[in-house]
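Coordinates in review
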Amino acid sequence: MSSGFRVEIRAPGRSPREITVDPSVEFGREGDLEVLDDAKVSRRHLRLEATAHGLVATDLGSSNGTFVDGVRITEATALAPGASLRIGDTDLIFIPDTAFIADIGVAGTPAEVRPALSDLTASDAGAAVIRFRPDTARLAWAIEQRFDVISLSLGTTRRDWALPFYELCDEAYFHKCFVVTAANNVTRPSFFPSLCAAVASIACNLATDPWRFHYNPEPPTEFLARGIDVEVPWLDGSFTTGTGNSYAAPHIAGLAALIRSKHPELRPFQVKTVLSATAANAREAPEIAGRLRRVLRTPTTSARASAALRRIG
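Now for a look at the structure at hand.

Cut-offs and rules
Residues numbered from 1 in each chain as written. Predicted model: local features only at pLDDT ≥ 70, side-chain atom pairs only at ≥ 80, totals over all residues. Heavy atoms only, no water. Helix = DSSP H or I, 4+ residues; strand = E, 2+ residues; numbered from the N terminus. Buried < 20%, exposed > 50% of the residue type's maximum accessible area, 1.4 Å probe, protein only. Areas by Shrake-Rupley, 256 points an atom, 1.4 Å probe, with all protein chains shown as cover. Pairing = 2+ DSSP bridges. Patch = residues over 30% accessible without salt bridge, like charges linked within 9 Å, V, L, I, M, F, W, Y side chains within 5 Å. Salt bridge = Lys/Arg side-chain N within 4 Å of Asp/Glu carboxyl O. 1 Å grid on protein atoms, 1.4 Å probe; cavity = no way out; pocket = protein on both sides within 12 Å on 5 of 7 lines; lining within 4 Å. Points joined across faces, edges and corners; volume = space filled by probe spheres on them. Nonpolar A, V, L, I, M, F, W, Y, C, P; charged D, E, K, R; others polar. Phe/Tyr/Trp six-rings, centres within 6.5 Å; stacked < 30°, edge-to-face > 60°.

It is worth spelling out the overall build of the protein chain at this point. Regarding its fold elements, the protein chain presents seven helices and 20 strands. In the protein chain, which comprises 313 residues, the share counted as buried stands at 47%. For the protein chain, the computed accessible surface area is about 16800 Å², with 53% contributed by carbon and sulfur atoms.

This is how it looks when you write it as structure tokens:
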């Protein structure tokens, strides 16, 4: 038996809230159940049940029906992680307990990253890779589905796209979606959304080890990963060799998925902190970042003034 599944309730006019289904929860307008203030919801509308095989939804003979990802259900239905249910005007989102990746617009996932993604899918640190055409509608959909990690191996130099990208990346940040973007392959012109502070902007390093990455202390590019002469899947089941920041971004996305799988509570800025602390140049530095050096300095005027104030106090 499962230890429970998380579901987010998005009711009209109310802030989203999260509940745990363990072992079962019934939804309706009244009674001893999860009460929803929604006139289109029946008195007893829907049951969600945590089973050994996953989360199962059953409509309880409601008047207006239960819809899973836009399709009305008439019998007990197993739900995929990330599934969206609608009853009346209320949405119920099945929150996956594992890290899910939306990979948007990259030509191919680097060959050495695929085993990591396969391991994630097969274990409790799961990852789903979904591909979309490169436009803001696909990014908006991935954010709406609350993917833990969104790998955006594309961008644009068009400034009329900058504001839509900024708004979407901010929305992703506030919904705990960690957005990984490929930086431009040339220094100029500006490249959106990799310049957004809410995302992790990625460029290539010279590493051949897919697990070796670096933190850049001088943003906007924040992390460097393998992206030079990378074997990637190509047409008709073949492979080709590619170079570019688009091939570096999936490495960081995979690492971020591992982090979020073990620590799903982390927000995007905390994931960045973990990545920067575990980067090769941080781990191999002669001194731990942030450690105070034991160097005697001549007290400045402000330091002497502060000391004097402490003595007076």
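Here we come to the sheet that holds strand β4 (residues 34-35). Reading across from one edge, β4-β3-β5-β6-β9 is the order of the five strands in this open sheet, with mixed pairing throughout. At either margin of the open sheet sits one strand with a lone partner, and together these are β4 and β9 (77-78). As defined by bridge partners, strand β3 (residues 24-28) adjoins β4 across two bridges and the pair is classed as parallel. Across the sheet, the residue bridging to Phe27 is Glu34, located in β4.

A separate point is a nonpolar patch on the surface. A contiguous nonpolar surface patch, about 250 Å² in accessible area, is contributed by Leu163, Tyr166 and Leu195. Along the chain, the position of Leu163 falls in helix α3 (residues 162-174). Among the residues examined, Leu163 registers a relative accessible area of 54% and is labelled exposed.

This part takes up the layout of surface pockets. Rolled over the atoms, a probe as big as a water molecule pinpoints where empty space is left. By volume, the largest pocket is sized at about 310 Å³. For the lining of the largest pocket, the elements supplying multiple residues, two or more each, are β1 (5-10) and β11 (90-95). The element best represented in the lining of the largest pocket is β1, accounting for three residues. Among the residues forming the lining of the largest pocket, the class breakdown is six nonpolar, one polar and nine charged.

Inspection of the entire model under this criterion finds six aromatic pairs. Ring centres of Tyr173 and Phe174 lie 5.6 Å apart, and the angle between their planes is 85°; this geometry places the pair in the edge-to-face category. You can call Phe174 exposed: its relative accessible area is 59%. Put simply, the rings of Phe213, Tyr215 and Phe223 pair up and form one aromatic cluster.

Looking now at the sheet that holds β1. Ordered in space as β2-β1-β11-β10-β7-β8, the six strands form an open sheet in which the pairing is antiparallel. Only two strands of the sheet have a single partner each, and these edge strands are β2 (17-21) and β8 (71-72). Bridging between strand β10 (residues 84-87) and β11 involves four bridges; their strand directions are antiparallel. Counterpart to Ile87 in the pairing with β11 is Thr90.

Here the focus is the pattern of salt bridges. According to the stated counting rule, one finds 13 salt bridges in the structure shown. Glu8 is the partner of Arg146 in a salt bridge, and the nearest nitrogen-oxygen pair spans 3.9 Å. In this pair, Arg146 sits in the loop between α2 (136-144) and β14 (149-152) while Glu8 sits in strand β1, placing the two residues 138 residues apart along the sequence. The exposure class assigned to Arg146 is buried, which follows from its relative accessible area of 18%. Close ionic contact of Arg17 with Glu34 constitutes a salt bridge, the shortest N to O distance being 2.7 Å. Here Arg17 is found in strand β2, whereas its partner Glu34 is found in strand β4, with 17 residues between them in sequence. Members of the salt-bridge network, linked through shared partners, are Glu8, Arg10, Glu144 and Arg146.

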